[in-house]
Amino acid sequence: MYKIIFLLIILNSVSFSSEQDTSILSTGVEINHINHTGEKESIIVKREIDPVCKQIHISNDMLWRGKYASHEVSNACKSTFITSAGKIIFPMKIHKDVETYGEMEVMAFIKKMQEDNNMLFIDTRDEEWYEYRTIPGAINMHYVYMMMPKVFEEEYKASLVKLGILGKEKALDFSQAKTILVFCNGAWCSQSPKMIKALLALGYPPEKIKWYRGGMQTWLSAGMTSTRKNKFSRQ
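Residues numbered from 1 in each chain as written. Predicted model: local features only at pLDDT ≥ 70, side-chain atom pairs only at ≥ 80, totals over all residues. Heavy atoms only, no water.

Novice: Please clarify how the state of the cysteines should be interpreted in this entry.
Specialist: Each disulfide consists of a covalent bond between the sulfur atoms of two cysteine residues. Overall, the coordinates contain 1 disulfide when judged by the stated rule. Here Cys53 engages in a disulfide with Cys77; their sulfurs sit 2.1 Å apart. Classification of the bridge connecting Cys53 and Cys77 rests on its S-S torsion, roughly -95°, and on that basis the disulfide is left-handed. In this pair, Cys53 sits in the loop between strand 2 (40-45) and helix 3 (60-63) while Cys77 sits in the loop between helix 3 and strand 3 (99-101), placing the two residues 24 residues apart along the sequence. With relative accessibility at 26%, the residue Cys77 sits in the partly exposed group. (Disulfide = S-S within 2.5 Å. Helix = DSSP H or I, 4+ residues; strand = E, 2+ residues; numbered from the N terminus. Buried < 20%, exposed > 50% of the residue type's maximum accessible area, 1.4 Å probe, protein only.)

Novice: What is the right way to read the pairing of strand 4 (residues 119-123) from this model?
Specialist: Each regular strand displays side chains that alternate between the two surfaces of the sheet. With 5 of 5 residues buried, strand 4 lies mostly within the body of the structure. With 5 bridges joining them, strand 4 and strand 8 (residues 179-183) adopt parallel strand pairing. Along strand 8, the bridge assignment pairs Leu120 with Ile180. In the sheet, strand 4 pairs with strand 5 (residues 139-140) via 2 bridges, with the strands oriented parallel. (Pairing = 2+ DSSP bridges.)

Novice: What's the story with the environment of Gly28 in this structure? I'm lost.
Specialist: Summarising the element assignment, Gly28 is placed in the loop between helix 2 (23-27) and strand 1 (29-34). For the pair Gly28 and Ile43, spaced 15 residues apart in the sequence, the C-alpha separation amounts to 9.6 Å.

Novice: I'm lost on the packing of aromatic side chains in this one. Help?
Specialist: Working definition: an aromatic ring pair is given by the centre-to-centre distance plus the angle between the planes. Evaluated as defined, the whole model comprises 6 aromatic pairs. Ring geometry for Phe109 versus Phe121: centroids 6.3 Å apart, planes at 55°, classification tilted. Placement of Phe109 in helix 4 (residues 103-113) and of Phe121 in strand 4 is noted, with a sequence separation of 12 residues between them. Ring centres of Phe174 and Tyr204 lie 5.8 Å apart, and the angle between their planes is 75°; on these two criteria the pair is classed as edge-to-face. Of the two residues, Phe174 is situated in the loop between strand 7 (171-173) and strand 8 and Tyr204 in the loop between helix 8 (191-202) and strand 9 (209-212); the sequence distance between them amounts to 30 residues. Taken individually, Phe174 and Tyr204 each receive the classification buried, so the pair is uniform in this respect. Among the aromatic side chains, those forming a connected cluster through ring pairs are Tyr101, Phe109, Phe121 and Phe183. (Phe/Tyr/Trp six-rings, centres within 6.5 Å; stacked < 30°, edge-to-face > 60°.)

Interpretation note: all reported values are geometric properties and have no functional meaning in isolation.
Here's what the structure looks like:
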């Protein structure tokens with residue numbers, strides 16, 4: 001037991017490489033988010049933890065007992081999620097050349113895209129879901145626009161422009177296609193995978209597509225900032 005404790009102390013003392021700069025979680029990333037009404041709002045994206053939650057002793061009883069969070073844990077420190085949503089759980093790798101992102105990579109993308117117009121952060125869900133809550137900095141582009149261009153012709157054309165795709169339907173030019181990061185509700189959500197599949201079928205360069213597999217569920221379960229403010233959040 002003492003050996004395990006000693007090893008954990010050593011491992012926790014090892015610093016991450018510059019590629020895994022965890023300071024971004026505490027300092028946050030400021031983004032000017034434009035909502036569905038066109039209003040601009042400055043939001044700091046970070047891990048939002050109520051001060052009372054930092055006092056919780058991490059143990060099996062606290063984290064995994066019963067419904068996974070002890071009744072002794074303050075409501076400010078826990079949330080409930082539907083565990084039966086979606087028909088399948090998508091694999092970590094959706095395509096050999098499409099990179100899968102975690103929360104740190106999403107934050108780095110949000111930070112970098114503010115200085116790079118060739119990057120685009122996309123919430124692929126329904127407009128209603130986007131308006132209710134999304135990740136700051138994301139625009140809304142419904143996945144079905146790419147899947148059914150004949151039905152949503154105007155929306156499809158507008159989406160091509162936002163993505164940097166030139167030319168006409170039978171001769172699309174991807175030379176100026178943007179590097180995009182797409183997400184939906186969670187690892188069980190099929191909307192962003194469907195959009196990725198549709199984009200690849202069009203000829204979109206797979207290396208320019210990034211996928212946040214965890215989506216809103218994982219983002220919120222980690223206490224990350226969304227456009228729907230928590231009562232304790234400090235912008």
